[in-house]
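Inside the fold
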Amino acid sequence: MENVPLQVLTVPTAPYPDQRPGTSGLRKKVYVFQSKRNYLHNFIQSIFSSIDLPDRQGATLVVGGDGRFFNRPAIGVIVQMAAANGIGRLIIGHHGIMATPAVSCVIRKYKAIGGIILTASHNPGGPSGDFGIKFNTAAGGPAKEEVTSKIYQISRTIEEFAICPGLCVDLKTLGKQAFDLENKFKPFTVEIVDPVESYANLLRNIFDFAALKELLSGENHISIRLDAMHGALGPYVKRILCEELGCPANSAINCVPLEDFGGQPPDPNLMYAADLVDSMRDGQYDFGAAFDGDGDRSMILGKHGFFVTPSDSVAVIADNIFCIPYFQHTGVRGFARSMPTSTALDRVAKATKIELHETPTGWRFFGNLMDAGKLSLCGEENFGTGGDHIREKDGLWAVLAWLSIIATRRQSVEDILKEHWLKYGRNYFTRYDYENVDIDAACDMMEDLEILISDKSFVKQRFAVEDKIYQVEKADNFEYTDPVDSTITRNQGLRIIFSDGSRIIYRLGGTAAEGATVRIYIDSYERKLIFEDTQVVLAPLATIALKISQLHHRTSRNGPSLIT
């Protein structure tokens, strides 16, 4: 019997008012996507409709996710809708899984019009967890605000979506699958790929793999411990670090992607990667790292669990950037950090006379600078670091950057960082997260706080805690003018900057699936007292931050959900 072309249907639907993408796409509880009629279909159609028809007709699109619950059913719908919306070819990760850095790499390699990434990053997985959808554009990075705003506007007025319900794809078999659709001259093709090889090849062109292999498996090799936290990066860690660079197989743990990430949020911090921290304490391992669900963030640890803050991590990489062969060839065009990240990177930029950019939170701001040739290395305090090789933060890249520094300097993580503090001074940094706060209470608190700090009398005010006195030098709501296209991004966080350079920053988080997350960032620079306990040093500023905001009173909380 002849193959009958698959039917394309137009299905009526009704819009939802809550599909505004945040800094990392649309994130909701799984049950929202499962239980609300056409909720997933509406948002996917809004993505396709945001791309002009001539641009998407016959084009290539990349699809992958972090393997969390609902990943595969969602990909099934995306495939059916991509075919119906004129996409010519889909490139999908094996089993539907592709780490976010690899998606960026594959978009750029195949010159795709973009990619759809199914991830909620470090948020919990499983049936009762979170699910997310993010759209990356042709450069490989997160869509700019003009694109996400267009998607949101379409989602508010959507009346129908196009789908090819009879199209079923096999995610388990590598290779090409072709489908004939009615009224289409060319077959719709789906290519199931092994994304690890494309990504590994990119890294081979950045780092000195021979030197890394000698460090990790040579005569005087170091011992490392890597925790993939059952996220998408597990197969990459196994293939690149163990099989290619020679680490023992038991160096890498939790490398099988699981839909619930083993019951823990795949968040690489001291709380959720506690198993890794505990395994490092006895000094058996010289270097440790944990990765988040989609593989774009990592936590760096030294021997005995010595913790490297993300703010310090990007500063150390910047100061040792020519340990990475890629930058020996390309040179360094600029450094950047998100506004809440500590100013440790600024000191390296000043000493090396390399331009520094301070941006709002969100990787798309870095991507714009990279596309314009203004940026080579950047980082965020939320465990994200990356270079201009792709347009996403990259957890494994950051680990290989650190290992390259260790291979060159032949020093421990702790010694490298302590020498950095002796050279530049130390930025003590901490972040308090208050999760699932009532949205109205959080917004009211932030509004009142902005009124308070915007009053002219607030500047020059002095706050005393024990023997420490802090005088306000500047207070504002951070706004950013992009040096590339002059677009202005406002309301990016309330800042209180004191005369000694210390900072208190308040932000409402933009990636929670429900409720609001209030974050307080505290950053204080010390030139001489560089080996003290972070929480002890920052306790006076934390007291001031809570006093000014009245956060505990306003949100009915006794303390933060998480301190990093």
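Read on for an overview of the structure. (Residues numbered from 1 in each chain as written. Predicted model: local features only at pLDDT ≥ 70, side-chain atom pairs only at ≥ 80, totals over all residues. Heavy atoms only, no water.)

With that settled, consider the pairing of strand 24 (residues 494–498). Look at any regular strand and the pattern is simple: side chains alternate between the two faces of the sheet. The buried fraction of strand 24 is high, at five of five residues. Of the two faces of strand 24, the one holding Leu-494, Ile-496 and Phe-498 and the one holding Arg-495 and Ile-497 are both buried throughout. Examined bridge by bridge, strand 21 (residues 468–477) and strand 24 share five bridges and lie antiparallel to one another. What sits directly across from Ala-475, in strand 24, is Ile-496. Summarising the sheet, strand 24 and strand 25 (residues 503–508) pair through four bridges and their orientation is antiparallel. Bridging across to strand 25, Leu-494 finds its partner in Tyr-506. If you look at the hairpin formed by strand 24 and strand 25, you'll find four residues sitting between the two strands, and Gly-501 has a positive phi there, around 95 degrees. (Buried < 20%, exposed > 50% of the residue type's maximum accessible area, 1.4 Å probe, protein only. Helix = DSSP H or I, 4+ residues; strand = E, 2+ residues; numbered from the N terminus. Pairing = 2+ DSSP bridges.)

Turning next to unusual backbone geometry. Where the residue is not glycine, phi is negative for most of them; where a peptide bond is considered, it is trans in most cases. Here Phe-383, not a glycine, exhibits a phi torsion of approximately 70 degrees, which is positive. For Phe-383, the position within the fold is in the loop between strand 17 (377–380) and strand 18 (384–387).

Now for the sheet that holds strand 4 (residues 89–97). Taken in spatial order, the seven strands line up as 2-6-5-3-4-9-8 in an open sheet, and their pairing is mixed. The two strands at the open ends of the sheet, each matched to only one other strand, are strand 2 (26–29) and strand 8 (175–179). Neighbour-to-neighbour, the strand axes of the sheet open up by a mean angle of 20 degrees, direction not taken into account. Examined bridge by bridge, strand 3 (residues 60–65) and strand 4 share five bridges and lie parallel to one another. In the sheet register, Val-63 faces strand 4, and the bridge partner there is Ile-92. Of the strands in this sheet, strand 3, strand 4, strand 5 (114–118), strand 6 (130–137) and strand 9 (188–193) are in contact with helix 4 (residues 71–84), which crosses strand 4 at around 170 degrees. (Axes fitted to C-alpha atoms, helices over the stretch in contact; angles between N-to-C directions. Contact = heavy atoms within 4.5 Å.)

The subject of this paragraph is the nonpolar core. Across soluble globular proteins, nonpolar side chains show a tendency to be buried alongside one another. In terms of nonpolar packing, the biggest core is built from 78 residues, with Leu-241, Phe-287, Trp-397 and Leu-403 touching the most fellow members. Examining the composition of this core, we find that eleven residues originate from one element, helix 15 (residues 395–409), more than from any other. Setting aside anything within four residues of it in sequence, one finds Trp-397 in contact with Tyr-199, Leu-203, Ile-206, Phe-207, Ile-317, Ile-324, Phe-327, Leu-377, Thr-385, Gly-386, Gly-387 and His-389. Of all hydrophobic cores here, the second largest spans 44 residues; its members include Leu-26, Val-30, Val-79 and Phe-131. (Core = buried A, V, L, I, M, F, W, Y, C linked by side-chain atoms within 4.5 Å.)

With that out of the way, let us pick up the pairing of strand 16 (residues 356–359). Residues His-357 and Thr-359 of strand 16 are buried on one face, while the alternating residues Leu-356 and Glu-358, pointing to the opposite face, are not. As paired strands, strand 15 (residues 335–338) and strand 16 are joined by four bridges and run parallel to one another. Looking at strand 16, one finds that Ser-338 is bridged to Thr-359. Crossover strand 15 to strand 16 through helix 13 (residues 344–352) is right-handed. (Right-handed = clockwise from strand over helix to strand, strands pointing away.)

Here we come to the side chain of Thr-341. You can see Thr-341 is positioned in the loop between strand 15 and helix 13. Overall, Thr-341 belongs to the buried group, its relative accessible area being 1%. At 2.8 Å, the side chain of Thr-341 forms a polar contact with the backbone nitrogen of Glu-381. Beyond its immediate sequence surroundings of up to four residues, Thr-341 is in contact with Ser-311, Gly-379, Glu-380, Glu-381, Phe-429 and Arg-503. (Polar contact = N/O pair within 3.5 Å; in protein donor to acceptor, adjacent residues only side chain to side chain.)

To continue, consider the environment of Ser-311. By the element assignment, Ser-311 lies in helix 11 (residues 310–319). Sequence separation of Ser-311 and Glu-381 is 70 residues, and the distance between their C-alpha atoms is 5.4 Å. Excluding its chain neighbours within four sequence positions, the residues that come into contact with Ser-311 are Thr-341, Ser-342, Ala-344, Glu-381 and Phe-429. Of the polar contacts made by the side chain of Ser-311, one reaches the backbone nitrogen of Ser-342; its length is 3.2 Å.

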